[in-house]
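Coordinates in review
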Amino acid sequence: PKTDAYSLGCVMWEALVGHPPLAGDTAIETLLLHQHQEPVSVEVHNAEIPPALVKIIDGLLKKDPDIRPDLTESVLPELELLCMKLREGNPIKSAEPSADESPTKRHSLNAFMISSIVLSLCIGVVAFFLFNQPDVSKKESGRQTKGNKFFDFPDLQPSSKQTPGPSSSEVRRERERRAKQRAEDRKIQIDRFNKAYDKKDCAEVVNTGIVLARDSAENHKSPVAEAELFEKIGWGYEGLHKPRDAFQSYQRSLDCICKAPNQEKLKQLVYINSSLRTGYGLKEVSSEQRDQWLQQSESLALELLGENSTAYAHELLFYGDLTAHDHPTAVRYYRRCLDCLRTARPHPNAPSVSALRGQCLISLGRGQMEFEETDQAIISLQQAVKVLAKEKNLDFDLRVSALDADIKLADLLMQKGRFEDSYKATDYGVALSKVGNPPNKYRREIIIRRRSAFNMMRSKRKSSR
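Residues numbered from 1 in each chain as written. Predicted model: local features only at pLDDT ≥ 70, side-chain atom pairs only at ≥ 80, totals over all residues. Heavy atoms only, no water.

1. Some details on the overall build of the chain
Helix and strand content of the chain: 19 helices and 2 strands. Carbon and sulfur atoms make up 51% of the accessible area of the chain, which totals about 26,500 Å². (Helix = DSSP H or I, 4+ residues; strand = E, 2+ residues; numbered from the N terminus. Areas by Shrake-Rupley, 256 points an atom, 1.4 Å probe, with all protein chains shown as cover.)

See below:
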């Protein structure tokens with residue numbers, strides 16, 4: 001199989017260089033490297049390797065399986081010929097070099113001797129695959145060794161006669177059996193993966209997900225299915241508190257979506273889910289990586305969702321939350337989100353226009369409070385609670401966020417001495433607390449501020465008289 005050819009190339013590369021051709025810090029990173037990155041040619045690390053051997057190894061490590069050389073028809077004959085040439089042109093000498101032999105010559109001789117040993121090992125590996133091929137000829141299935149004895153692979157037991165190869169019908173049945181077994185194994189892995197995801201078992205999601213991702217890459221599964229798979233693997237890494245791995249998984253999810261055909265609703269849904277979760281991983285990566293991801297993600301969102309869509313406005317809101325530490329950048333995204341919502345059309349995978357506008361204003365107001373822009377924060381929070389108080393179908397999290405914003409607004413107005421405005425602001429909080437059964441602590445906090453504002457108003461009126 002072509003995967004065996006690639007594996008043999010990796011073994012030969014590591015044997016000649018001393019370390020694997022591609023290795024990441026984590027399992028998912030190593031998997032991604034083997035999927036998309038071409039390894040450096042082996043001659044870069046060892047210039048004394050024969051060019052013919054370099055050509056063989058580079059061919060085995062090609063990413064496209066169709067252009068990898070066949071092990072039995074191409075690789076084995078070339079290795080045998082190369083090994084023969086090396087032995088004929090470089091006879092093995094004694095361990096003690098002559099006095100007039102230069103260091104350069106000794107070094108070259110040692111390099112060729114090592115190459116010859118490695119070639120012999122490689123021939124043994126290829127011979128193993130050769131004798132397990134169903135259509136192998138009788139001549140090749142009974143290679144003689146020293147003493148004119150035959151070996152019956154894989155048991156490596158002496159035998160006085162050769163065993164005939166299987167018939168074509170047996171080969172076909174064996175291939176069908178193996179294909180069926182692989183399909184059953186993949187089905188079992190998918191069931192394990194889905195059960196682990198439903199049970200929120202992050203470690204099992206990551207482990208089974210990596211196996212499925214490797215299988216998807218080898219069998220060219222749908223880009224959308226791959227995107228959804230890597231999105232869930234990223235979720236698993238989030239649960240394991242490995243933000244860098246989560247970022248790599250989500251980045252891979254976006255890369256898969258870019259390869260998918262246009263106008264697929266599932267692609268948009270997967271993209272929205274992955275981008276919303278990516279915030280966890282991006283907070284732990286460098287600013288350069290974050291900016292690169294934002295640029296790619298925003299460009300893809302605009303292409304998939306359209307500029308006048310609530311889903312695109314939702315993405316802009318997420319970008320603002322993601323860059324909250326960089327206040328000018330976050331404000332720019334929030335302003336763009338509000339401008340987009342003025343003409344946005346509803347999207348089935350995004351909240352309503354009013355809910356998005358209220359959520360965006362809350363985020364903007366919190367950022368302004370953090371950077372001590374009190375007057376602007378009051379305006380933003382006032383608009384937010386006013387919009388959300390009229391929305392009857394708010395989800396639980398957004399309703400709680402609105403109540404928290406109303407409490408902060410009442411406190412800001414009290415600090416400014418605007419007791420009447422603070423009292424009016426609690427009206428929106430009371431309205432929000434009557435729907436959806438929010439936690440009682442928010443109701444108590446709003447009532448406390450409402451009474452405080454009322455008492456301050458009464459005291460102020462008495463003092464003015």
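There is more to say, and it comes next.
2. Overview of the packing of helix α18 (residues 419–433) against helix α19 (residues 440–464)
Closest axis-to-axis distance for the α18/α19 pair is 9 Å, and the angle between their directions is 155 degrees. As judged from the angle between their axes, α18 and α19 are roughly antiparallel. For the crossing formed where α18 meets α19, the hand is left-handed. Contact residues: α18 offers Phe419, Glu420, Ser422, Tyr423, Thr426, Asp427, Gly429, Val430 and Ser433, while α19 offers Arg443, Ile446, Arg449, Arg450, Ala453, Phe454, Met456, Met457, Lys460 and Arg461. Its residues assigned to classes, the contact of α18 with α19 shows 8 nonpolar, 4 polar and 7 charged. (Axes fitted to C-alpha atoms, helices over the stretch in contact; angles between N-to-C directions. Parallel < 35°, antiparallel > 145°, perpendicular 65-115°, else oblique. Left-handed = near helix turned anticlockwise from the far one by under 90°. Contact = heavy atoms within 4.5 Å. Nonpolar A, V, L, I, M, F, W, Y, C, P; charged D, E, K, R; others polar.)

3. Some words on helix α7 (residues 168–198)
For α7, with 31 residues, the first-to-last C-alpha span of 45 Å sits near the 45 Å given by 1.5 Å per residue. Every buried residue of α7 is listed here: Val171, Arg186, Gln189, Phe193, Ala196 and Tyr197. Following α7 by one or two positions, Lys200 has its phi on the positive side, about 60 degrees. (Expected span 1.5 Å × (residues − 1). Buried < 20%, exposed > 50% of the residue type's maximum accessible area, 1.4 Å probe, protein only.)

4. Considerations on the nonpolar core
Membership of the largest hydrophobic core comes to 74 residues, with the highest contact counts inside it found for Trp293 and Tyr319. Counting 21 residues, the second-largest nonpolar core is a separate cluster that includes Leu8, Trp13, Ile57 and Leu60. (Core = buried A, V, L, I, M, F, W, Y, C linked by side-chain atoms within 4.5 Å.)

5. So, unusual backbone geometry
Despite not being glycine, Lys200 shows a phi value in the positive range, around 60 degrees. With respect to the element layout, Lys200 can be found in the loop between α7 and α8 (202–219). A positive phi is found at Glu372, a non-glycine position, where the angle reads about 60 degrees. Tracing the sequence through the fold places Glu372 in the loop between α15 (353–370) and α16 (374–389). In this structure Glu372 comes out as exposed when scored by relative accessible area, which is 70%.

6. Remarks on the pattern of salt bridges
Per the stated rule, a full pass over the model turns up 12 salt bridges. We note a salt bridge from Glu204 to Arg192, for which the minimum N-O separation is 2.5 Å. Within this pair, whereas Glu204 is found in helix α8, its partner Arg192 is found in helix α7, the two being separated by 12 residues in sequence. Linking Glu298 and Arg336 is a salt bridge whose minimum nitrogen-to-oxygen distance equals 2.7 Å. Of this pair, Glu298 sits in helix α12 (residues 287–305) while Arg336 sits in helix α14 (residues 327–343), and the two are 38 residues apart along the sequence. One salt-bridge network, held together by shared partners, links Arg366, Asp404 and Lys408. (Salt bridge = Lys/Arg side-chain N within 4 Å of Asp/Glu carboxyl O.)

7. Looking at the layout of surface pockets
Taken as a whole, the second largest pocket spans an internal volume of roughly 560 Å³. Lining the second largest pocket are 24 residues, and of these Gln359, Asp395, Asp397, Leu398 and Ser401 lie nearest its centre. Elements with a contribution of two residues or more to the lining of the second largest pocket: α13 (310–322), α14, α15 and α17 (396–415). Counting residues per element, the lining of the second largest pocket draws most heavily on α15, which supplies 8 residues. (1 Å grid on protein atoms, 1.4 Å probe; cavity = no way out; pocket = protein on both sides within 12 Å on 5 of 7 lines; lining within 4 Å. Points joined across faces, edges and corners; volume = space filled by probe spheres on them.)

8. Here's the deal with the state of the cysteines
Across all of its chains, the model carries 0 disulfides by this definition. No disulfide involves Cys337; its sulfur sits 3.8 Å from that of Cys360, the nearest cysteine. We classify Cys337 as buried; its relative accessible area is 0%. (Disulfide = S-S within 2.5 Å.)

9. With respect to the confidence of the model for the chain
Here the chain averages 75 in pLDDT, while 75% of its residues score no lower than 70. Residue range residues 91–107 is modelled with pLDDT below 50. Its contacts to residues more than four positions away, or to other chains, number 7 contacts. (pLDDT = per-residue confidence, 0-100.)

10. Topic: the environment of Leu294
Looking at where Leu294 falls in the secondary structure, it is placed in helix α12. Leave out the neighbours within four places in its chain, and Leu294 touches Tyr319, Leu322, Thr323 and Tyr333.

11. Brief notes about the packing of aromatic side chains
Taken as a whole and assessed by the stated rule, the structure comprises 4 aromatic pairs. Between Tyr197 and Trp235, the ring centres sit 4.9 Å apart and the planes meet at 65 degrees, which makes this aromatic pair edge-to-face. Of this pair, Tyr197 sits in helix α7 while Trp235 is found in helix α9 (residues 223–239), placing the two residues 38 residues apart along the sequence. Trp235 shares its class with Tyr197; the two are buried. (Phe/Tyr/Trp six-rings, centres within 6.5 Å; stacked < 30°, edge-to-face > 60°.)

12. Section: the environment of Gly236
The topology assignment puts Gly236 in helix α9. Measuring from C-alpha to C-alpha, the distance between Gly236 and Ser249 comes to 9.7 Å, with 13 residues separating the pair along the chain. Once residues lying within four places of it in the same chain are set aside, the contact partners of Gly236 are Cys202, Val205 and Val206.

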